Amino acid sequence: MTDAPHTCLQLNPEVREQLWRQVAQVIEQYARWVPSLPVAPELSPGKIRAMLASCDFEHGMDPTAAVDFVARGLTDFQVHTSHPRYFGLFNPAPTTMGIAADTLVAAFNPQMAAWSHSPFAAEVEAHLVRAFGALFGYPDADGTFCSGGAEANHTALLTALAQAFPVYLSEGVRDLAQQPVFYVSAECHHSFLKAARLTGIGSAALRMVPTDNKLKMQEPALRAMIRQDRKEGLAPFLVVATAGTTNAGAIDPLTGLGAIAAEEKLWYHVDAAWGGAAALVPELRPLLDGIHLADSITFDAHKWLSIPMGAGLYLTRHRDILENTFRTQNAYMPRDAAGLDIVDPYQHSMQWSRRFTGLKVFLSLLTAGWDGYAAAIRHQTAMGRLLREELLASAWRIENDTPLPVVCFSAPGGDAQSIVRQIVGSGQAWISTTVIAGRTVLRACVTHYGTQPEDVRALVSALNGVAVPV
Ligand SMILES: *Cc1c(COP(=O)(O)O)cnc(C)c1O
């Protein structure tokens, strides 16, 4: 008997049951094995392409063999950000509830464009937007889930432009009498550069304000730049503060920058993609004092909340700005929720069809609770302190000054690139380099909630093995 045409897509119930068991086993084995894997793979496009050369799409593969094939590829050829000795960029070990959520989302496949198609999913996200808004001091927040911080920052730029220049939405930048400009610190995330291009104002519209010796934006320099730009006929419209820079964890003076933005009547955005999680821990919360002054905030749940990628949030205290920016009229979208007190997500976002991003945040938070998260973030912060202490004790030089668990350091006379190559090449740990004040230095960040003191000490001992600081 030949299978019905859809069977190759849906698979029959017996095959499915076996497949789910296999997938669950792959996930559980990965979680258990990852600490014993080399943190980083050999970078060999040739080997991966040779592996893929056997996949011709002409002959259907057995589903079990297909899953085994990709599990092997992912195990052998990726940097294991779930490894407790991955001290990298803010790529976390995903929460188990987040993994479960993403699987459920794929199965139920709720459509996040129209509220009436997925009212439960839409209300879960709205509930989370209010909860995270309240965390940052917005009594009645609006917002939207995004693919990540880059989309949230792009949304911030669009909403700030819509607020400052309403004609921008209909006529575009060509109709503006003056060139819009906005201010970021020299340490800001480079997604703002892309966003400047994407919004049509151009990357020259981004003004980089110098930072002080702690890598924080200098308030007098910001004031002077705004004054000078106005004098030259430009149109400032936005100040962006970073709460936890990607490079070195610097937190801009949020209250002071908020005051300048208010005086100058500029939109105030705080990019708290990573550092925003400090709001969950009472003793770290003061680091974010002043964040409630922001007109909008970027927060990435897929960073310090350890949610599987991608899960960004754009939050705002202006309840009408997202709708003003993204509302469209069209004939085909469902209207069956008209008259109810609801928001159609596609009218609030640059995305249209959208995945139920909020569920992985919801399920993780629902089970861990704020307290569970606070404990994890507190632990990672302590591991960052330990790393700093252990490096100092071995005479490495610390190059940044932040309470967040990212440590930039150097060995005077040591070549940072070569040290990283040796550490990463050994498979024992993963660290990277960055540039501070024009010098290439080493960078290690505690991104894993499971990183323990022995992992920190193993990193320092590996470092001491490749370079003896003088
Ligand atoms: C990671 C990061 C971003 C970009 O977010 P993605 O989720 O990678 O798109 C923006 N700003 C800061 C401060 C970040 O750390």
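Residues numbered from 1 in each chain as written. Predicted model: local features only at pLDDT ≥ 70, side-chain atom pairs only at ≥ 80, totals over all residues. Heavy atoms only, no water.

Q: So what's going on with the overall build of the protein chain? Which residues, and what values?
A: If you tally the helices and strands in the protein chain, you get 15 helices and 11 strands. When its C-alpha atoms are laid out on the principal axes, the protein chain stretches across 75 × 70 × 40 Å. Once local pairs closer than 6 in sequence are excluded, the contacts in the protein chain between residues at least 24 apart make up 73%. Accessible surface for the protein chain amounts to roughly 21700 Å². Of this, 57% is attributable to carbon and sulfur atoms. Here the protein chain contributes 36 positively and 44 negatively charged side chains, and the mean placements of these two sets differ by 5 Å. (Helix = DSSP H or I, 4+ residues; strand = E, 2+ residues; numbered from the N terminus. Contact = heavy atoms within 4.5 Å. Areas by Shrake-Rupley, 256 points an atom, 1.4 Å probe, with all protein chains shown as cover. Lys, Arg positive; Asp, Glu negative; His and termini not counted. Charge placed at Lys NZ, Arg CZ, Asp CG, Glu CD.)

Q: Which residues make up the packing of aromatic side chains, and what are the values?
A: As enumerated under the stated definition, the model contains 11 aromatic pairs in all. Consider the rings of F136 and F299, whose centres lie 5.5 Å apart with planes at 65°: the pair is edge-to-face. Taken together, the residues F136 in the loop between α6 (119-135) and β1 (142-146) and F299 in strand β6 (residues 296-300) connect sequence positions 163 residues apart. A residue is classified by how much of its surface remains accessible, and F299, at 1% relative accessible area, is buried. By the ring-pair criterion, three or more aromatic residues cluster together here, those being F132, F136, F299 and W370. Over the face of the ring belonging to F90 we find R443, whose NZ or CZ atom lies 5.1 Å from the ring centre. (Phe/Tyr/Trp six-rings, centres within 6.5 Å; stacked < 30°, edge-to-face > 60°. Buried < 20%, exposed > 50% of the residue type's maximum accessible area, 1.4 Å probe, protein only. Lys NZ or Arg CZ within 6 Å of the ring centre and 35° of its normal.)

Q: How would you explain helix α11 (residues 254-263) if you had to name every residue and give the values?
A: Taken as a whole, α11 has its buried residues at L254, G256, L257, G258, I260 and A261. K265 lies just past α11 and shows a positive phi near 55°.

Q: Report on the state of the cysteines, specifying residues and quantitative values.
A: Overall, the coordinates contain 0 disulfides when judged by the stated rule. Of all cysteine sulfurs, the one in C408 lies closest to C445, which takes part in no disulfide; the gap is 9.1 Å. A relative accessible area of 0% means that C445 is categorised as buried. (Disulfide = S-S within 2.5 Å.)

Q: Describe helix α4 (residues 63-76), listing the residues and the values that go with them.
A: Look at α4: 20 Å from first C-alpha to last across 14 residues, which is about the 20 Å you get at 1.5 Å a residue. Residues V67, F69, A71 and G73 constitute the buried set of α4. Where α4 is buried, its residues contact α2 (13-33) and α3 (45-52). (Expected span 1.5 Å × (residues − 1).)

Q: Which residues make up the pattern of salt bridges, and what are the values?
A: One pass over the structure, following the stated rule, counts 17 salt bridges. Where E263 meets R223, a salt bridge forms, and the shortest distance between an N and an O atom there is 2.8 Å. With E263 in helix α11 and R223 in helix α10 (residues 219-231), this pair connects stretches of sequence that are 40 residues apart. Overall, the relative accessible area of 29% leaves R223 in the partly exposed class. A salt bridge links R439 to E399, with the nearest nitrogen and oxygen atoms 2.8 Å apart. With R439 in strand β11 (residues 439-445) and E399 in the loop between β8 (397-398) and β9 (406-410), the pair connects residues that are 40 residues apart, well separated along the chain. For E399, a relative accessible area of 16% translates into the label buried. Three or more residues are tied together by salt bridges with common partners; here these are D102, R355 and K360. (Salt bridge = Lys/Arg side-chain N within 4 Å of Asp/Glu carboxyl O.)

Q: Please give an account of the nonpolar core that cites residues and values.
A: One finds F132, L222, L254, Y268, V270 and L305 to be the most contacted residues of the largest nonpolar core, which totals 65 residues. If you tally residues by element for this core, the top one is helix α13 (residues 358-393), at 8 residues. Aside from chain neighbours lying at most four places away, what touches L222 is Y183, V209, M217, V239, L257 and I260. (Core = buried A, V, L, I, M, F, W, Y, C linked by side-chain atoms within 4.5 Å.)

Q: Give me the packing of α10 against α11: which residues, what numbers.
A: It is at 10 Å that the axes of α10 and α11 come closest, and there the two elements cross at 20°. Between α10 and α11, the angle falls in the class roughly parallel. Taken as a pair, α10 and α11 cross one another with a handedness that is right-handed. Taking contact as the criterion, the partners of E219, L222, R223 and I226 in α10 are, on α11, G256, L257, I260 and E263. Across the contact of α10 with α11, the residue classes tally to 4 nonpolar, 1 polar and 3 charged. (Axes fitted to C-alpha atoms, helices over the stretch in contact; angles between N-to-C directions. Parallel < 35°, antiparallel > 145°, perpendicular 65-115°, else oblique. Left-handed = near helix turned anticlockwise from the far one by under 90°. Nonpolar A, V, L, I, M, F, W, Y, C, P; charged D, E, K, R; others polar.)

Q: Help me get a handle on unusual backbone geometry, residues and values and all.
A: That bond from M309 to G310 is cis: its omega, -15°, falls within 30 degrees of zero. Located in the positive-phi region is F57, a residue other than glycine, with phi close to 65°. Tracing the sequence through the fold places F57 in the loop between α3 and α4. Residue K265 is not a glycine yet carries a positive backbone phi of 55°. Relative to the helices and strands, K265 resides in the loop between α11 and β5 (267-271). For K265, a relative accessible area of 74% corresponds to the exposed category.

Q: Residues and numbers for the pairing of strand β7 (residues 312-316), please.
A: Burial analysis of β7 places 5 of its 5 residues in the buried class, which makes it a mostly covered element. Residue alternation in β7 divides its side chains into two sets, G312, Y314 and T316 and L313 and L315, and both sets are buried. As paired strands, β1 and β7 are joined by 5 bridges and run antiparallel to one another. In the sheet register, F145 faces β7, and the bridge partner there is L313. Bridging between β6 and β7 involves 5 bridges; their strand directions are antiparallel. Bridging from a neighbouring strand, D300 pairs with G312 of β7. (Pairing = 2+ DSSP bridges.)

Q: I'd love a proper account of the environment of S353, names of residues and values included.
A: In this fold, S353 is placed in the loop between α12 (321-326) and α13. Remark: the alpha-carbon pair of S353 and A113, spanning 240 residues in sequence, is separated by 5.1 Å. Those residues in contact with S353, other than ones at most four positions away along the chain, are Q111 and A113. At 3.1 Å, the side chain of S353 forms a polar contact with the side chain of Q111. (Polar contact = N/O pair within 3.5 Å; in protein donor to acceptor, adjacent residues only side chain to side chain.)

Scope: geometric values only; no functional claims are made or implied.
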